[in-house]
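What follows is the residue order along each chain.
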Amino acid sequence: MIARRFGQWVHEFRFEVKPLDERFRSMGPAGDATQFYLIKDVFTMRDGDWRNDSRDVAGSTEAWARDQYLNDWNQTFVADVIDQHPHVFTRVETASGLPIRNKQVMAWTGRFERVFETDFQGYLDVEVDPTSGWGWLEMPESSMYDPALEQGPWCIKPRGFAESIEGVGLPSMLGISTFIVWVELPISEYRTLQPAFVGGAHHVAEDADDFAARLADMARVNQVVFFNREATIQQRIIKDGFVPCSGEFEVEHGADRYVAQLAESLQTGEQRAYYIKRNLWHQVHWLPVGAE
């Protein structure tokens, strides 16, 4: 199960996730996609300082993003001056969190819909580090914008059947960098998760009203948890009458590693952390976390 996380400033800066669209399926190497790409995490960094996590400082970085990505990012860029300039940093991962080093990410300026124009050639390939999978695109001064009035000029997505993000730039002339991480999933999972993955307004009946189309579109891109019906932990949670309320996460304790997931009872508010020790995938346990 994939949990989507947005930094607190993502919506303030008017970044907008654009939903999957079936028209991208034809961009696969064999005429049809064999995988698709969901946006997993989006967050920001102010003035090259990951440690700035004050909620009052525009563009500051949340602790979850620092814990998840800082060490790996430093191994790529710590000896470089790249963190002294605002960039968009990108990364495409497997479902288990490993970098996909050869997956190309592209960026373009202007309207998102230009990606559907067959004669549009104004794409830039984001430079990608061949070891870590981190990509980087420096933001020029022309990327400055006022988020109170407009969106930033950049749109970014991996090549192929992927969610895009629109409106990226330099908000309010501040030294703010943006991080976007996608996860690659097999196309079979897209099919099993429909209609949740249906791409919004493009899949609403032609005679549907504008509100229905917009509602479907926004519901899709604001989904934060994607369920895997085959996951052992999730099956146990449902069997116990609880519902998952987080994605799966890993916990280290001594020499052991565990995969865990938070669940809650809709009737009582009781919360449990279900967990499995790695390599013992069918021995599900849980511990109480708390109650409302």
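Refer to the preceding data block for the structure.
Rules used in this analysis
Residues numbered from 1 in each chain as written. Predicted model: local features only at pLDDT ≥ 70, side-chain atom pairs only at ≥ 80, totals over all residues. Heavy atoms only, no water. Phe/Tyr/Trp six-rings, centres within 6.5 Å; stacked < 30°, edge-to-face > 60°. Helix = DSSP H or I, 4+ residues; strand = E, 2+ residues; numbered from the N terminus. Buried < 20%, exposed > 50% of the residue type's maximum accessible area, 1.4 Å probe, protein only. Lys NZ or Arg CZ within 6 Å of the ring centre and 35° of its normal. Pairing = 2+ DSSP bridges. Polar contact = N/O pair within 3.5 Å; in protein donor to acceptor, adjacent residues only side chain to side chain. Contact = heavy atoms within 4.5 Å.

As a further point, take the packing of aromatic side chains. Any aromatic ring pair is given by two values, namely how distant the centres are and how the planes are angled relative to each other. Following the criterion strictly, the structure yields 23 aromatic pairs and no others. Between the aromatic rings of Trp50 and Phe179, the centroid separation amounts to 4.9 Å while the plane-to-plane angle is 65°, which identifies the pairing as edge-to-face. With Trp50 in the loop between β4 (35-46) and α1 (63-77) and Phe179 in strand β14 (residues 176-186), the pair connects residues that are 129 residues apart, well separated along the chain. A relative accessible area of 4% means that Trp50 is categorised as buried. Between Phe112 and Phe116, the ring centres sit 5.7 Å apart and the planes meet at 85°, which makes this aromatic pair edge-to-face. Given the relative accessible area of 4%, Phe112 is considered buried. Residue Phe116 is classed as partly exposed on the basis of its relative accessible area, which comes to 24%. Three or more aromatic residues joined by ring pairs form one cluster here, namely Phe43, Trp50, Trp64, Tyr69, Trp73, Phe77, Phe89, Trp134, Trp136 and Phe179. When the ring centre of Trp286 is taken as reference, the NZ or CZ atom of Arg272 above it lies at 3.6 Å.

With antiparallel pairing, the five strands of this open sheet are ordered in space as β3-β12-β11-β6-β7. The open sheet has two free edges, formed respectively by β3 (16-18) and β7 (124-125), since each of these has just one partner strand. In the sheet, strand β6 (residues 105-109) pairs with strand β11 (residues 154-158) via five bridges, with the strands oriented antiparallel. Considered in β11, the bridge of Trp108 is made with Cys155.

Here the focus is the side chain of Arg91. Position of Arg91 relative to the elements: it lies in strand β5 (residues 87-93). Look at Arg91 and you get buried, because its relative accessible area is 5%. Here the side chain of Arg91 touches Glu93 through a polar contact of 2.9 Å, side chain to side chain. Look past the residues within four positions of Arg91 in its chain and what remains in contact with it is Asp72, Gly97, Pro99, Ser132, Gly133, Trp134, Ile180, Val181 and Trp182.

None of the figures reported here should be taken as evidence of function without further support.
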